Amino acid sequence: MERLPTSLAVHLWRGRARAVTMPPQSMSSLVEAPELACYAPLGCRLRFIEGDWIMTDAAQITFPQTHEVAGYWDWDKIHAPKPLTPLAGDAVVNTMGEGFTIAQHGFGSMLALRCRMVNNYLYASFVPDESYTPPTRDLDEYSRQLDGFAFKIGERWAREWEPALIPMLQKARTTNYDAMSDQELQVALEDYLRNLVYMWTIHGWLNLSLVPATALTDFYNQEIQPADRNEAWQLLQGYPTKSVEASAGLWQLSRTVRNSPRLSKLFEELDPHTILGALEQSDEGEALLVGLRAYLNEYGWRSDGIYEIGDATWREDPAIPLNTIQGYMRLGEDNDPGLSLERAKARREELTRKARAKLASDPAKLARFDELMEAAKYNTRVTEDHSFWIDQMGIAAFRELCLKVGARMVASSVLEQPEDVFFLYVDELRDALKSPTPRQNVVRERRGQMQSAARIVPPDHLGEPTPANPDPFFIAVVDKMLGFLPVEPSTDPSIITGVAASPGTAQGTAKVVRSLVEASKLQQGDIMVCEMTVPTWVPLFATVSAVVADSGGILSHCAIVAREFGLPAVVGTRVGTTTIRDGMTVTVDGTKGLVRIEGRA
């Protein structure tokens with residue numbers, strides 16, 4: 001549902017901000033007013049509640065038809081496969097669009113990132129910004145300038161941006177918001193919103209790391225001409241990352257459990273939510289808790305998704321890492337994530353030696369290969385580590401602040417519980433800190449709308465089909481990473497097509513995992529079928545034999561990690577989780593980009 005302020009509504013639509021005046025008594029004319037058509041898609045109604053127009057679902061939730069939408073909009077399923085709370089859509093998504101656009105213009109791209117929430121789902125579009133004048137409109141000149149920026153992105157991350165983020169986030173993690181006055185809390189809120197724009201701007205620049213990665217694989221395929229064109233992507237693997245560190249930490253904790261009969265019995269018999277209490281009953285359990293708490297203090301500023309600040313972090317609810325430890329303790333030493341990293345590194349070095357030997361007779365081509373390898377070596381680190389600091393810790397620290405604001409609103413009778421704050425918008429947070437007004441009914445309406453949205457599968461696109469674009473940045477992000485450009489669907493109901501993300505073939509029992517809470521169903525050798533993965537999902541790759549994902553491209557997180565672990569993977573299937581059921585026998589061909597359903601559960 002969307003909130004329409006009674007005096008002024010500002011809404012991103014067709015890439016521009018709209019502002020309209022709406023007195024409460026004019027409800028009967030709202031749906032007829034053309035400037036408000038975007039606020040009332042078919043099947044929805046408008047209600048005036050506690051000073052705001054609220055758009056709620058009627059018989060069913062519907063989405064705009066193609067003729068009702070200007071341009072193209074893609075459901076960002078790779079980052080937001082589930083509905084987002086209003087505050088996540090307002091504060092996190094809007095600052096992301098702003099930050100990305102600042103970065104894109106910074107490196108000369110005409111594209112702006114436009115975001116809009118439709119029935120709590122995030123839709124995005126990279127569109128030309130007519131208000132921006134680029135340094136050049138010549139594609140060749142722009143491409144050369146883009147390479148100049150892109151080939152230095154990894155160094156800028158290591159030397160400039162990561163060192164700047166760490167102290168900023170450390171301050172956010174340790175700030176005592178309880179000691180602040182309402183006015184000071186509001187200042188802290190505004191400061192963090194500016195920090196979000198700064199973080200997303202860095203993120204926008206980091207997207208350029210995809211450009212040298214794509215250039216390297218294109219060069220390799222052209223000059224080396226491997227039998228398997230997916231082989232080129234293995235040149236990007238085998239580098240240490242924060243995700244590897246986090247997985248290694250859980251692995252070490254699992255070894256402690258595995259080596260203790262008492263602890264093993266607890267983890268085998270108890271639910272993750274009850275393990276903590278049981279560990280407190282013994283010295284051995286308390287010792288493990290010390291290690292777990294230290295781990296969570298360092299790596300627990302993360303949750304299941306990326307943009308959703310309404311999700312509890314691992315620090316608040318350690319059930320997910322405990323669940324992962326349960327899975328790890330069943331695995332032998334050959335499944336150590338560190339060994340997967342070493343194997344990936346060895347494979348990269350083997351391919352590099354062979355490529356350099358083949359290019360040795362042409363010094364110019366060899367020099368180009370070495371240049372591309374140097375620039376692209378940062379891709380995996382940047383992909384994983386930026387998510388650790390920005391997408392995860394940055395949002396988790398903002399959640400901490402918002403919960404403190406929510407607690408202050410509970411004290412002033414604005415909300416019933418602190419978590420209700422996620423169903424408000426930023427300007428409502430500002431207003432409540434200045435002059436508290438009850439918002440309990442609005443929260444209940446919005447929570448109900450979000451629950452309704454969670455029961456549907458939204459369309460992949462709104463408006464026109466996603467167009468091709470010659471901008472190398474667009475190709476790298478929209479196609480290679482996000483996988484927005486469609487894959488030809490299969491006409492055979494037993495075959496699912498997607499992007500060939502990681503080579504190899506595996507057959508096994510499918511398990512559909514929509515969140516990390518469901519990860520406990522995975523057994524060694526299963527095929528994990530998911531909507532997407534983010535760095536918090538990395539530990540699961542040590543258990544499964546292959547991965548199938550609804551979203552993503554060849555440079556998506558899921559594809560990168562599957563290659564690191566040497567697992568066959570098909571991504572961008574769009575229909576994997578809705579077609580495949582738990583217990584089905586499936587064959588995953590990560591070389592051809594095919595998933596075959598062999599048997600039904």
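Note: the structure precedes this text.
Described in the following lines is the structure provided in the data block. (Residues numbered from 1 in each chain as written. Predicted model: local features only at pLDDT ≥ 70, side-chain atom pairs only at ≥ 80, totals over all residues. Heavy atoms only, no water.)

Within the structure shown, the criterion is met by 16 aromatic pairs. Ring centres 5.9 Å apart and planes at 70° place the aromatic pair Trp200 and Tyr307 in the edge-to-face group. Placement of the pair is Trp200 in helix H5 (residues 182-206) and Tyr307 in the loop between helix H10 (283-299) and helix H11 (319-328), with a sequence separation of 107 residues. Three or more aromatic residues link up through ring pairs in this structure, and these residues are Phe107, Phe126, Phe149, Trp161, Trp205 and Phe473. Above the plane of the ring of Phe388 lies Lys242, whose end atom (NZ or CZ) is 4.9 Å from the centre. When the ring centre of Tyr239 is taken as origin, the NZ or CZ atom of Arg348, which lies over that ring, is 3.9 Å away. (Phe/Tyr/Trp six-rings, centres within 6.5 Å; stacked < 30°, edge-to-face > 60°. Helix = DSSP H or I, 4+ residues; strand = E, 2+ residues; numbered from the N terminus. Lys NZ or Arg CZ within 6 Å of the ring centre and 35° of its normal.)

Examined against the element boundaries, Gln186 turns out to sit in helix H5. Once you skip the residues sitting within four places of it in the chain, Gln186 turns out to touch Arg430, Leu433 and Lys434. (Contact = heavy atoms within 4.5 Å.)

Here we come to the sheet that holds strand E10 (residues 495-497). Note: strands within a sheet are paired through backbone hydrogen bonds, in either parallel or antiparallel orientation. The mixed open sheet is built from eight strands, whose spatial order is E10-E17-E16-E12-E13-E14-E15-E11. Strand pairing shows two members of the sheet lacking a second neighbour, E10 and strand E11 (499-502), which therefore form its edges. Strand after strand, the sheet turns through a mean of 30° between neighbouring axes, direction not considered. Looking at chain direction, strand E12 (residues 505-512) and strand E13 (residues 527-530) are connected through three bridges and run parallel. The residue bridging Ala510 from the neighbouring strand is Ile527, located in E13. Across the sheet, helix H18 (residues 557-565) touches E11, strand E14 (546-549) and strand E15 (569-571), and the angle it forms with E11 is around 40°. (Pairing = 2+ DSSP bridges. Axes fitted to C-alpha atoms, helices over the stretch in contact; angles between N-to-C directions.)

Looking now at the packing of helix H4 (residues 153-174) against helix H14 (residues 379-411). Running from amino to carboxyl end, H4 crosses H14 at an angle of 20°, the nearest separation of the two axes being 11 Å. Classed by the angle they form, the pair H4 and H14 counts as roughly parallel. For the crossing formed where H4 meets H14, the hand is left-handed. Counting all contacts with H4, which are made through Gly154, Trp157, Ala158, Glu162, Leu165, Ile166, Leu169, Ala172 and Arg173, the residues of H14 involved are Arg381, Val382, Asp385, His386, Trp389, Ile390, Met393, Gly394 and Ala397. (Parallel < 35°, antiparallel > 145°, perpendicular 65-115°, else oblique. Left-handed = near helix turned anticlockwise from the far one by under 90°.)

So, about the packing of helix H6 (residues 210-223) against helix H12 (residues 337-359). At their nearest, the axes of H6 and H12 sit 11 Å apart, and the two run at 55° to each other. Considering the angle they form, H6 stands oblique to H12. Where H6 crosses over H12, the handedness of that crossing is left-handed. Facing Phe219, Tyr220 and Glu223 of H6, the residues of H12 in contact are Leu351, Ala355, Lys358 and Leu359. A per-class count over the contact of H6 with H12 returns five nonpolar, no polar and two charged. (Nonpolar A, V, L, I, M, F, W, Y, C, P; charged D, E, K, R; others polar.)

Right, let's get into the nonpolar core. Core analysis: the largest hydrophobic core is formed by 154 residues, its most contacted members being Phe126, Phe398 and Met528. Broken down by element, this core gets its largest block of residues, 14 residues, from H14. Leave out the neighbours within four places in its chain, and Phe398 touches Ala91, Val92, Leu189, Tyr192, Leu193, Leu196 and Ile309. The next biggest cluster of nonpolar side chains, apart from the first, holds 15 residues, and it includes Ile527, Ala546, Val570 and Val588. (Core = buried A, V, L, I, M, F, W, Y, C linked by side-chain atoms within 4.5 Å. Buried < 20%, exposed > 50% of the residue type's maximum accessible area, 1.4 Å probe, protein only.)

Looking along a regular strand, one sees the side chains alternate between the two faces of the sheet. Of all five residues making up strand E16 (residues 585-589), four are buried, and the element is well covered by its neighbours. Relative to E16, E12 runs antiparallel, the two sharing five bridges. By the bridge assignment, Gly508 is partnered in E16 with Val586. Where E16 meets strand E17 (residues 594-599), five bridges bridge the pair, whose relative direction is antiparallel. Residue pairing across strands places Thr587 opposite Arg596, the latter belonging to E17.

Moving on, we get to the sheet that holds strand E6 (residues 72-75). Overall, antiparallel pairing links the four strands, which are arranged E7-E8-E6-E9 in an open sheet. Only two strands of the sheet have a single neighbouring strand rather than two, namely strand E7 (111-118) and strand E9 (461-463). Geometrically, the sheet is characterised by an average inter-axis angle of 25° between neighbouring strands, direction not taken into account. With three bridges joining them, E6 and E9 adopt antiparallel strand pairing. Of the residues in E9, the one forming a bridge with Trp73 is Leu462. Strands E7 and strand E8 (121-128) of the sheet are contacted by helix H2 (residues 86-106), whose axis makes an angle of about 170° with E7.

With that settled, the discussion passes to the pattern of salt bridges. In this structure the tally under the stated criterion is 34 salt bridges. Here Asp526 makes a salt bridge to Lys511, at a shortest N to O gap of 2.8 Å. Pair noted here: Asp526 is in the loop between E12 and E13 and Lys511 is in strand E12, with a separation of 15 residues, a long-range link. Connected through shared salt-bridge partners, Glu231, Arg347, Glu350 and Lys354 make up one network. (Salt bridge = Lys/Arg side-chain N within 4 Å of Asp/Glu carboxyl O.)

Structurally, Arg348 is set in helix H12. According to the relative accessible area criterion, Arg348 is buried, its value standing at 9%. Within the structure, the side chain of Arg348 is placed 3.0 Å from the backbone oxygen of Gly238, a separation counted as a polar contact. (Polar contact = N/O pair within 3.5 Å; in protein donor to acceptor, adjacent residues only side chain to side chain.)

A word on the environment of Asp178. One can find Asp178 in the loop between H4 and H5. On the basis of relative accessibility, which here comes to 53%, the residue Asp178 falls in the exposed class. When the C-alpha atoms of Asp178 and Lys404 are compared, they prove to be 7.0 Å apart, with 226 residues separating the residues in sequence. When residues no more than four places from it in sequence are discounted, the contact partners of Asp178 are Lys404 and Arg408. Reaching out from Asp178, the side chain makes a polar contact with the side chain of Lys404 at a distance of 3.2 Å.

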